[in-house]
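Notes for the structure review
Residue strings, one per chain:
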Amino acid sequence: MEFSGKNVLITGASRGIGAQIAKTLASKGLKVWINYRSKPEIADALCEEITKNGFKAAVIKFDATNEDDFIEAIKTIIDSDGELSYLVNNAGITNDKLAIRMKLEDFTSVINANLTSAFIGSKEALKVMSKKRFGSVVNIASIVGEMGNAGQVNYSASKGGMIAMSKSFAKEGASRGIRFNCVTPGFIATDMTEVLSDEIKQGYINAIPLKRLGDPKDIANAVAFLLSDDAGYITGEVLKVNGGLYM
C-alpha cells in the first residue's frame, strides 16, 4: 500500500475505531495527528504507544464542531509539516432513544457532532489540499446511515447525510485531484458494544452472515486502502464493512 502524502489528521482519534485507524496509518509510514476534545491522558498514551513502536504521531486538541478551532488546527499541522495530505472524519457521538421521545436537542446535538464536524473538516481540507491538487478524505459513516435503525433517528440521519455529503464533495474535489469516500462500519467490537448484554450481542452476531462482530482493524484497513494511492481512481464511493449484514 503506497501513500504519496506524508501525514493524516484523524478526528476523535484517542479511542476505539479512531485509535486503531491512527495505529494502522502510522504503521504505513504516515505521521498521524491524533485529535481529541477531552481526556488528554488517553490521547497522550496512544501517541506514546505509536512513537515507541518507531512511528510518527502528534496530539492536537480541538472541538471538531467548532469551525474556528478546526481551521486553527489545520493551520498548526501545515505550519509543522508543510502540508495536510489526508483527513479522516471519525469524531461522533450517539444519543439513542425512540423518535417519539427524542427532543430537538437530542437530534441536533448528534447532527452537529457527527455531520457538521465532517462538513467543516471536508470543506477546510478541500481548501488546503487544492493548493497541491492532491489529497484524500475518508468519512466514517455507519451501516445505520444506509439501512436506518429504530432508536437512532438522529444518528441515522447524521450518517446518511454524511454519505450524501461525501458524494457531493467528491464531485467538487475531483477536478482538483482530491478524493472523498466513506466507510460504513457495521457492528464493531468497541467500548460502545462492550456494554451490551451477551444476549443482545449474540442476536447481532446471529444476524451477521460472517457470524462475528467486526474488529476495529477491519475498519482501519479499509480506511488505509481508500486513502492510499492504491485507491487513486476511487472517489464518491461507500465501502461497506459490516460482515454482510447489509449488502
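The rules behind these values
- Residues numbered from 1 in each chain as written.
- Predicted model: local features only at pLDDT ≥ 70, side-chain atom pairs only at ≥ 80, totals over all residues.
- Heavy atoms only, no water.
- Helix = DSSP H or I, 4+ residues; strand = E, 2+ residues; numbered from the N terminus.
- Rg over C-alpha atoms; globule rule 2.2 N^0.38 Å.
- Buried < 20%, exposed > 50% of the residue type's maximum accessible area, 1.4 Å probe, protein only.
- Contact = heavy atoms within 4.5 Å.
- Areas by Shrake-Rupley, 256 points an atom, 1.4 Å probe, with all protein chains shown as cover.
- UniProt positions renumbered as here; feature names shortened; annotations may be inferred.
- Axes fitted to C-alpha atoms, helices over the stretch in contact; angles between N-to-C directions.
- Parallel < 35°, antiparallel > 145°, perpendicular 65-115°, else oblique.
- Left-handed = near helix turned anticlockwise from the far one by under 90°.
- Nonpolar A, V, L, I, M, F, W, Y, C, P; charged D, E, K, R; others polar.
- Pairing = 2+ DSSP bridges.
- Polar contact = N/O pair within 3.5 Å; in protein donor to acceptor, adjacent residues only side chain to side chain.

On to the overall build of the chain. A count of helices and strands for the chain gives nine helices and seven strands. Scaling as 2.2 N^0.38, a compact globule of 247 residues should have a C-alpha radius of gyration of about 18 Å, and the chain matches this with 17 Å. In terms of principal-axis extent, the alpha carbons of the chain reach across some 50 × 35 × 35 Å. A total of 247 residues make up the chain; the buried ones form 49% of that total. If you take every contact in the chain between residues at least 6 apart in sequence, the share linking residues at least 24 apart comes to 73%. Approximately 11,700 Å² of the chain is accessible, and the part contributed by carbon and sulfur atoms is 52%.

Our focus in this paragraph is unusual backbone geometry. Of all residues except glycine, most have a negative phi; of all peptide bonds, most are trans. One non-glycine residue, Lys 39, adopts positive backbone phi at about 55°. Positionally, Lys 39 belongs in the loop between strand E2 (31-36) and helix H2 (40-52). Judged by its relative accessible area of 43%, Lys 39 falls in the partly exposed class. Residue Arg 133 is not a glycine yet carries a positive backbone phi of 55°. Looking at where Arg 133 falls in the secondary structure, it is placed in the loop between helix H4 (104-130) and strand E5 (135-140).

Turning our attention to the UniProt feature "domain: Ketoreductase" (unreviewed entry) in the chain. Look at the UniProt record and you will see "domain: Ketoreductase" (unreviewed entry) annotated at residues 6-191. For residues 6-191, helix accounts for 50% and strand for 18%, while the C-alpha atoms at its two ends are 30 Å apart.

Let's shift gears to the packing of H4 against helix H6 (residues 153-173). Orientation of H4 relative to H6, taken along the N-to-C sense of each, is 15°, at an axis distance of 8 Å. One element, H4, and the other, H6, form an angle in the roughly parallel class. Where H4 crosses over H6, the handedness of that crossing is right-handed. Residue-level contacts link Asp 106, Phe 107, Val 110, Ile 111, Asn 114, Leu 115, Ala 118, Phe 119, Ser 122, Lys 123 and Leu 126 of H4 to Val 153, Asn 154, Tyr 155, Ala 157, Ser 158, Lys 159, Gly 161, Met 162, Met 165, Phe 169, Glu 172 and Gly 173 of H6. In terms of residue class, the contact of H4 with H6 is built from 13 nonpolar, six polar and four charged.

Moving on, we come to the sheet that holds strand E6 (residues 178-185). Read from one edge of the open sheet, seven strands run E3-E2-E1-E4-E5-E6-E7, paired in parallel fashion. The two strands at the open ends of the sheet, each matched to only one other strand, are strand E3 (57-61) and strand E7 (238-241). Averaged over neighbouring strand pairs, the angle between their axes works out to 20° when direction is ignored. The pairing of strand E4 (residues 86-89) with E5 spans four bridges and is classified as parallel. Among the inter-strand pairings, Leu 87 is bridged to a residue of E5, identified as Val 137. Relative to E6, H6 is tilted by about 160°, and along the sheet it contacts E5, E6 and E7.

Below, the discussion takes up the side chain of Asn 154. With respect to the helices, strands and loops of the structure, Asn 154 is situated in helix H6. Reaching out from Asn 154, the side chain makes a polar contact with the backbone oxygen of Asp 106 at a distance of 3.1 Å.

A separate point is the environment of Val 8. The topology assignment puts Val 8 in strand E1 (residues 7-10). Measuring from C-alpha to C-alpha, the distance between Val 8 and Ile 111 comes to 24 Å, with 103 residues separating the pair along the chain.

What follows covers the UniProt feature "binding site: NADP(+)" (unreviewed entry) in the chain. Per the UniProt record, the feature "binding site: NADP(+)" (unreviewed entry) sits at Gly 12, Ala 13, Ser 14, Arg 15, Asn 90, Tyr 155, Ser 156, Ala 157, Ser 158, Lys 159 and Ile 188. The named residues occupy 177 residues along the chain; their greatest pairwise C-alpha distance, 24.6 Å, places them well apart from one another. As for its placement among the helices and strands, Arg 15 is situated in the loop between E1 and helix H1 (16-27). Given the relative accessible area of 41%, Arg 15 is considered partly exposed. Sequence-distant contacts of Arg 15, defined by excluding residues within four places in its chain, comprise Lys 39, Ile 42 and Asp 191. By the element assignment, Ile 188 lies in the loop between E6 and helix H7 (191-194). For Ile 188, the contacting residues outside a window of four places in its chain are Ile 17, Thr 193, Gly 214, Asp 215, Pro 216, Ile 219 and Val 241.

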